[in-house]
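The chain contents come next:
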Amino acid sequence: MIRNFFRTTFRYIARQKTFTIINISGLAIGLAASLLILLWIQDELSYDRFHSNADDIYRVEEDQNYSGDIYHVTVTPQPSGPVWKERIPEIREQTRVNRLPRILFRHDDMVFFENSVSAVDSGFFSVFTFPLLSGDPAEVLRNPLSIVLTEELARKYFGDADPLGQTLTLENRQAFTVTGVMKNLPPNSMFRFDALLPCSFLEEAGLMNNSWGSNSIWTFMLVNKGSDIEKVNKKLTEVVREYLPEGTVEYMLFQLTDIHLHAQFGFKHDNGPVTVIWIFASIALFILLIAGINFINLSTTKAATRAREISIKKVTGAGQKTLILQFMLESLLMVSFSMVISLVIVGLLLNLFNNITGKEFILSDLLKINFIAGFFITGILTAIISGIYPAFYMASLKPVAILKGETMQGKNNGRLRQALVIIQFTLSILIAVSAVFMYRQLNFMRTKDLGFDREDL
């Protein structure tokens, strides 16, 4: 029976070449656009989830009280991290991240300014999972005069030679020994650095601000699994109050995996950048609906040409369920062809999409399990949206009236098609207007007169 369904479906597709090409190409373009948005959304949701202990890593943040108005900041006093770890048993490990200004690097005749250097505590690699290509994660930052480089920066200064044990002179003053080389940071990380120095060096050099009233660095905590976060927040504040008795600042933990999309800063508190995710997810759904409606309208329009075929099948014993199964199978096959074509379109447009979004997607990203799962879910959703009404509509045609030569009663179907066309155009206009607003906003950001000459600045 299934074999017969397939044979009938392929015969119909072969006979209706123009109809098939229009339907499949329309679905393929809609699917390709939705899949590109899906790829972007999945990347945005993946930020900092690659760390082994991602669910237990938090950044310490503050609510500063200004005459009843709360100003939220994401930095803490420089001496706070080690004290919190010592005083609060729920904290397994801590690391401060101090983003340093531009530093002059020198190795033999190679001299460059490096802009992406941070100072961190020795527990950095115990908190975060940034794989080391060489060096012991527990020891690489123990010595105040040690330095850890990314793979790219190590190659820049040392070429193919082993960088371990080599020295780099910073600011023409102090020689640092390379104790570790780490893999280049993944693009879905909140961190951006090419080299790490120990905070202990800054302390020994007198470059750390030990005031509890000055907030200037990130502090991250690895908390014991199952800890009561509200109790930890209270303890954080109580510890600082011992050093600042008159302080009104409240301290709290903010989960690492929420930082990229839910971060807050300043007086205004809102949903954060996650709002953009919902907007683009809605656009992807709208595009699928437009493509699905197009498929429905074309399929129901062709129902008149298939009325006699449906009637003969019903008269010879085919039940409504059998016909529904046949038409759903036809829709599924056409969606399957569209999915294959859409995947090709996505691959061809990947570089252009990267230029637009600032991402770094490659073809292998299309083979990741999350994208594959999303790909099939999108395909199934499209097949259901596109195929369910035409299947039920065509299976419900009355064979007796059609075989007598009477005209098909398409009044209700015509009204539905009109309604679907209105919905289709409404969604299209909504997407077009949104695109215009986005373009004008981005253009405004790029061309706004800031009151000074930006050239060579």
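Our structure's up above, just so we're on the same page.
The structure displayed is predicted, hence computed values, not measured ones. (Residues numbered from 1 in each chain as written. Predicted model: local features only at pLDDT ≥ 70, side-chain atom pairs only at ≥ 80, totals over all residues. Heavy atoms only, no water.)

A. Quick peek at the overall build of the protein. From N to C terminus, the protein includes 14 helices and 14 strands. In the protein, which comprises 457 residues, the share counted as buried stands at 44%. At a minimum sequence separation of 6, the contacts of the protein that also span at least 24 residues come to 76%. A total of about 24600 Å² of accessible surface is found on the protein, and carbon and sulfur atoms cover 59% of it. (Helix = DSSP H or I, 4+ residues; strand = E, 2+ residues; numbered from the N terminus. Buried < 20%, exposed > 50% of the residue type's maximum accessible area, 1.4 Å probe, protein only. Contact = heavy atoms within 4.5 Å. Areas by Shrake-Rupley, 256 points an atom, 1.4 Å probe, with all protein chains shown as cover.)

B. Inspection of helix α5 (residues 151–158) at higher detail. Taken residue by residue, α5 has Leu153, Ala154, Tyr157 and Phe158 as its buried positions. Here the buried residues of α5 occupy an arc of 105° about the axis, which is enough to place them on one side. Structurally, α5 contributes buried residues whose contacts are with β5 (103–107), β6 (110–114), β9 (146–150), β10 (167–170), β11 (174–182) and β12 (195–198). Note on α5: the residue one or two positions beyond its end, Gly159, has a positive phi of about 60°. (Arc of directions from axis to C-beta.)

C. Representation of the pattern of salt bridges in the model. Going through the model one piece at a time under the given rule, you end up with 13 salt bridges. Put simply, Lys359 and Asp43 hold a salt bridge, and the shortest N to O gap is 2.6 Å. Of the two residues, Lys359 is situated in the loop between α11 (320–357) and α12 (369–395) and Asp43 in helix α2 (residues 17–45); the sequence distance between them amounts to 316 residues. The same class applies to Lys359 and to Asp43, which are both buried. Among the ionic pairs, Lys85 bridges to Glu93, the shortest N-O distance being 3.2 Å. The class for Lys85 is partly exposed, based on a relative accessible area of 33%. (Salt bridge = Lys/Arg side-chain N within 4 Å of Asp/Glu carboxyl O.)

D. Fine view of the pairing of strand β4 (residues 91–99). Burial analysis of β4 places 7 of its 9 residues in the buried class, the great majority of the element. Direction of pairing for β4 relative to strand β13 (residues 215–223): antiparallel, over a ladder of 6 bridges. Residue pairing for β13: Arg96 is matched across the bridge by Thr219. Pairing geometry for β4 and strand β7 (residues 117–120), over 3 bridges, is antiparallel. Looking at β7, one finds that Val97 is bridged to Val120. (Pairing = 2+ DSSP bridges.)

E. Region of interest: the packing of aromatic side chains. The full count for this structure, using the stated rule, is 28 aromatic pairs. For the pair Phe124 and Phe125, a centre-to-centre distance of 5.2 Å together with 90° between the ring planes defines the contact as edge-to-face. The residues Phe124 and Phe125 share a single accessibility class, namely buried. With a centroid separation of 6.2 Å and an interplanar angle of 75°, the aromatic rings of Phe124 and Phe191 are classed as edge-to-face. You can see Phe124 sitting in helix α4 (residues 124–127) and its partner Phe191 sitting in the loop between β11 and β12, a full 67 residues away along the chain. Phe191 carries the same exposure label as Phe124, and that label is buried. Grouped by ring-pair contacts, the aromatic residues Phe50, Phe124, Phe125, Phe128, Phe130, Phe191, Phe193, Trp218 and Phe220 constitute a single cluster. (Phe/Tyr/Trp six-rings, centres within 6.5 Å; stacked < 30°, edge-to-face > 60°.)

F. Quick look at the side chain of Asn98. Here Asn98 shows up in strand β4. The exposure class assigned to Asn98 is buried, which follows from its relative accessible area of 12%. Excluding residues within four positions of it along the chain, Asn98 makes contact with Gln78, Val117, Ser118, Ala119, Leu202, Met208 and Ile217.

G. Region of the structure containing a nonpolar patch on the surface. A surface patch of nonpolar side chains, amounting to about 520 Å² of accessible area, comprises Val344, Leu348, Leu349, Leu352 and Ile356. Along the chain, Leu352 falls in helix α11. (Patch = residues over 30% accessible without salt bridge, like charges linked within 9 Å, V, L, I, M, F, W, Y side chains within 5 Å.)

H. Structural view of the packing of helix α3 (residues 80–87) against helix α7 (residues 229–243). Two numbers describe how α3 lies on α7: the axes approach to 10 Å, and their chain directions differ by 120°. Judged by the angle between their axes, α3 and α7 are oblique. The handedness of the crossing between α3 and α7 is right-handed. Across the interface between the two elements, Val83, Trp84 and Arg87 of α3 pack against Leu236, Val239, Val240, Glu242 and Tyr243 of α7. In terms of residue class, the contact of α3 with α7 is built from 6 nonpolar, no polar and 2 charged. (Axes fitted to C-alpha atoms, helices over the stretch in contact; angles between N-to-C directions. Parallel < 35°, antiparallel > 145°, perpendicular 65-115°, else oblique. Left-handed = near helix turned anticlockwise from the far one by under 90°. Nonpolar A, V, L, I, M, F, W, Y, C, P; charged D, E, K, R; others polar.)

I. Representation of the nonpolar core in the model. Leu35, Ile37, Leu39, Ile277, Val346, Leu350 and Phe371 are the most contacted members of the largest nonpolar core, which has 32 residues in total. When residues of this core are traced back to their parent elements, those giving at least two are α2, α9 (274–301), α11 and α12. (Core = buried A, V, L, I, M, F, W, Y, C linked by side-chain atoms within 4.5 Å.)

J. Structural detail: unusual backbone geometry. At Asp108, a residue that is not glycine, the phi angle is positive and equals roughly 55°. Relative to the elements of secondary structure, Asp108 occurs in the loop between β5 and β6. Phi is positive for Glu171, close to 55°, though the residue is something other than glycine. Locating Glu171 in the fold gives a position in the loop between β10 and β11. Among the residues examined, Glu171 registers a relative accessible area of 36% and is labelled partly exposed.

K. Structural context of the environment of Leu298. Along the polypeptide, Leu298 turns up in helix α9. The class for Leu298 is partly exposed, based on a relative accessible area of 24%. For the pair Leu298 and Ile22, spaced 276 residues apart in sequence, the C-alpha separation works out to 9.0 Å. The residues touching Leu298, leaving out its near neighbours within four places in the chain, are Phe19, Ile22 and Asn23.

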